[in-house]
Amino acid sequence: SLAALILIYLLVLASTDLWDVGFGALVGAALLLGAQDFVFSGRAVPIPNLAQRTIAFLPFVAATVWDILRGTWRVALVVLHLRPLRHPGIVAIPIGERTPLGVAITSLVTTLSPGTFLVDVDEADRTMLMHVLDASDPDAVREEYEAFYRRYQRHVFP
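Residues numbered from 1 in each chain as written. Predicted model: local features only at pLDDT ≥ 70, side-chain atom pairs only at ≥ 80, totals over all residues. Heavy atoms only, no water.

Participant: Looking at this model, I keep getting lost on the sheet that holds strand β1 (residues 89–94). Mind explaining?
Facilitator: Note on sheets: strands pair through backbone hydrogen bonds, and any given pair is parallel or antiparallel. What the 3 strands build is an open sheet, ordered β1-β3-β2; its pairing is antiparallel. The open sheet has two edge strands, β1 and β2 (117–122), and neither has a second partner. Shown here is a sheet whose adjacent strand axes are inclined to one another by a mean of 25°, direction ignored. Bridge count for β1 against strand β3 (residues 127–132) is 6 bridges, and the pairing is antiparallel. Paired with G89 across the strands is V132, a residue of β3. Contacts from helix α5 (residues 100–112) reach β2 and β3 within the one sheet, and its direction differs from that of β2 by about 155°. Each of β1 and β3 is contacted by helix α6 (residues 138–153), which is oriented at about 50° to β1, the strand it contacts most. (Pairing = 2+ DSSP bridges. Helix = DSSP H or I, 4+ residues; strand = E, 2+ residues; numbered from the N terminus. Axes fitted to C-alpha atoms, helices over the stretch in contact; angles between N-to-C directions. Contact = heavy atoms within 4.5 Å.)

Participant: Looking at this model, I keep getting lost on the side chain of T116. Mind explaining?
Facilitator: Structurally, T116 can be placed in the loop between α5 and β2. Within the local environment of T116, its side chain forms a polar contact with the backbone oxygen of T110, the two atoms lying 2.8 Å apart. A polar contact of 3.2 Å, which involves the side chain of T116, links it to the backbone oxygen of S113. Residues within four places of T116 in sequence aside, it is in contact with T110, T111, H131, V132 and Y145. (Polar contact = N/O pair within 3.5 Å; in protein donor to acceptor, adjacent residues only side chain to side chain.)

Participant: Even after reading the chapter, I still don't get the nonpolar core, so can you show me in this structure?
Facilitator: Soluble globular proteins: nonpolar side chains tend toward being buried together. Counting residues in hydrophobic clusters, the biggest one holds 10 residues: V91, I93, I95, V103, M128, M130, V132, A135, V141 and Y145. Elements represented by at least two residues in this core include exactly β1, β3 and α6. The element best represented in this core is β3, accounting for 3 residues. Apart from residues lying up to four places away in sequence, Y145 is in contact with I93, R98, T110, T116, M130 and V132. Core analysis: the next-biggest nonpolar cluster, separate from the first, contains 8 residues, A56, F60, V109 and F157 among them. (Core = buried A, V, L, I, M, F, W, Y, C linked by side-chain atoms within 4.5 Å. Buried < 20%, exposed > 50% of the residue type's maximum accessible area, 1.4 Å probe, protein only.)

In structure tokens, the structure reads:
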């Protein structure tokens with residue numbers, strides 16, 4: 001495990017200098033020591049429906065890339081003053097049946113797409129507050145997030 005962490009560290013740095021190897025060993029050892037109960041607990045946690053999730057992952061990635069491209073196009077149009085910025089704002093998106101991992105993945109995918117980002121997760125109200133470029137129709141924004149979740153995300157990251 002330590003050798004793998006050192007290798008990853010050296011690949012990130014793109015260096016094989018002796019000092020980098022030594023520092024990578026120190027960082028890797030500290031990480032392993034701090035996370036030894038989690039990493040080496042001996043309890044394998046099965047992932048339910050792994051085969052189905054693996055198959056559904058490719059459409060999820062494709063939909064995410066498409067969302068990033070659409071967001072990039074929308075932001076470019078606004079930045080180039082080809083489309084006015086009319087109603088930016090915050091929309092409350094219901095968490096619904098998302099697990100904590102599902103909320104984190106929704107937040108990550110949202111933040112990857114230009115023009116949208118997660119502002120806050122309100123556990124009490126079970127909502128995610130998202131800032132979007134066009135908040136003129138909050139119900140349409142909510143429906144778009146729910147449709148993405150139901151069609152692509154829930155099959156991989158519920």
